[in-house]
Amino acid sequence: MERIVFGVDVGGTTIKAGCFTMEGRLLEKWTIPTRTQEEGRDILPDISGLIHGKISGNTVLAGVGIGVPGPVTEAGLVLGCVNLGWDTFHLEKKFSNMLGGVPVKAGNDASLAALGEYVMGAGRGCPDMVLVTLGTGVGSGIIIDGHLVTGYNGAAGEIGHMPLVPECEDTCTCGKKGCLELAASASGIVRQANRLLAGTDTDSQLRGIKSFTAKDVFELAKKGDFLSLSVIERAMDYLASGLACTASVVNPGLFLIGGGMSGAGMFLVDMLEEKFREKAFTPCGDVKFGIASLGPDAGIYGAAAQIIQSLRNERL
Ligand SMILES: [Zn+2]
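Taking an unreviewed UniProt entry as the reference, the protein chain is identified by name as Glucokinase belonging to Parasporobacterium paucivorans DSM 15970. The record held by UniProt for the protein chain lists under Sequence similarities (unreviewed entry) the comment "Belongs to the ROK (NagC/XylR) family."

Written out as structure tokens, the structure reads:
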């Protein structure tokens, strides 16, 4: 009988799940839609059903790791996930009960993606690294001495909510004003571009694209479109400040850039790195920059790595 674990990454629109060996090798993976209606009550039964359907006669489920888009405490308590409709509850206990007592280890999705990159991706061999996730929001996962830094309430690494944009009047998804992700996220980039288009008569190819995305702004910035470039420069300037603050606190050796916006490639990374070096405290500035390599699979690798580590520790 082969012992296996599942790594699960619950997102606002899809749930990714992978079946792994106890050595962390991915055997097979699946994606199912996230049913968030009625406070997301179908989500855990859907995952449980998927897992039970995939366990065959010659395999034993040793444990499940699960990443969710919200803070998770060390004890496995979820402190609300707005995107899933979830309030505060004990995720590890509840899901373990649904699975007949199989051990469950839960974590924040951005943190687990960082663990995934460290164990199996572009962060291998770098025990002090930060994965910066740039998408609709801005998040990060922090690995120091080869261990995830999660903090008192599991909210460590939430760099998108650093109050670095005091002049911004918009309200963040967290309810506060001035958060970094208002300026540096994909939605922040689109908002700023629209603001400049409406407030100036600067010529820009963006004017010819109906409901453009951050990807369009990056593409045009690369081609030298002045307005697009100024929007991207501003976003990267704020983000570089956030990374300089992060470096002053945890002093990583590597910043990996992941999430949808990392598709902009070295254009983004080079600009960010240059601005970071201008701002960072010099002894913290000796840090490498790179692009994450596992893409959307980082979360399931990290979730699997976390439950495998937890099972190993229990055996010691
Ligand atoms: Zn915020």
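Further notes follow.
1. Structural notes on the overall build of the protein chain
Scanning the protein chain from N- to C-terminus turns up ten helices and twelve strands. Since a compact globule built from 316 residues should have a radius of gyration of about 20 Å, the 20 Å found for the protein chain is in line with a globular shape. In terms of principal-axis extent, the alpha carbons of the protein chain reach across some 65 × 45 × 30 Å. Expressed as a percentage of the 316 residues in the protein chain, the buried residues total 54%. Of the contacts made within the protein chain by residues no fewer than 6 positions apart, 60% connect residues no fewer than 24 positions apart. Accessible area for the protein chain stands at about 14400 Å²; split by element, carbon and sulfur atoms hold 53% of it. Averaging the coordinates of the 27 positive side-chain charges in the protein chain and doing the same for the 34 negative ones gives two points 4 Å apart.

2. What about the packing of aromatic side chains?
Describing an aromatic ring pair means giving the distance of the ring centres and the angle of the ring planes. Per the stated rule, a full pass over the model turns up seven aromatic pairs. A ring pair is formed by Phe255 and Phe289, whose centres lie 5.4 Å apart and whose planes are at 45°; its orientation type is tilted. Here the residue Phe255 occupies a position in strand 11 (residues 254-258), and Phe289 occupies one in strand 12 (residues 288-291), the gap between them amounting to 34 residues. Of the two residues examined, Phe255 and Phe289, each falls in the buried class. Among the aromatic side chains, those forming a connected cluster through ring pairs are Phe255, Phe276 and Phe289. Over the ring of Phe89 we find Lys94; its NZ or CZ atom is 5.3 Å from the centre of that ring.

3. As for the domain arrangement of the protein chain
Assigned domains of the protein chain: these are domain 1 (2-114 + 296-315) and domain 2 (125-292). Taking the mean C-alpha position of each, domain 1 and domain 2 sit 28 Å from one another. Domain 1 puts twelve residues into the contact, and the matching count from domain 2 is 13 residues. Both faces combined, the contact of domain 1 with domain 2 buries some 880 Å², and carbon together with sulfur accounts for 57% of it. Area buried by domain 1 at its contact with domain 2 is led by Ala110, Ser111 and Ala114, which between them contribute 48% of it. Viewed at the interface, domain 2 and domain 1 are joined by zero salt bridges. On inspection of domain 1 and its partner domain 2, the count reaches zero residue pairs in polar contact (both at pLDDT 80 or more).

Criteria and thresholds
Residues numbered from 1 in each chain as written. Predicted model: local features only at pLDDT ≥ 70, side-chain atom pairs only at ≥ 80, totals over all residues. Heavy atoms only, no water. UniProt positions renumbered as here; feature names shortened; annotations may be inferred. Helix = DSSP H or I, 4+ residues; strand = E, 2+ residues; numbered from the N terminus. Rg over C-alpha atoms; globule rule 2.2 N^0.38 Å. Buried < 20%, exposed > 50% of the residue type's maximum accessible area, 1.4 Å probe, protein only. Contact = heavy atoms within 4.5 Å. Areas by Shrake-Rupley, 256 points an atom, 1.4 Å probe, with all protein chains shown as cover. Lys, Arg positive; Asp, Glu negative; His and termini not counted. Charge placed at Lys NZ, Arg CZ, Asp CG, Glu CD. Phe/Tyr/Trp six-rings, centres within 6.5 Å; stacked < 30°, edge-to-face > 60°. Lys NZ or Arg CZ within 6 Å of the ring centre and 35° of its normal. Domains from an automatic or database assignment. Buried area = accessible area lost by both parts, 1.4 Å probe. Salt bridge = Lys/Arg side-chain N within 4 Å of Asp/Glu carboxyl O. Polar contact = N/O pair within 3.5 Å; in protein donor to acceptor, adjacent residues only side chain to side chain.

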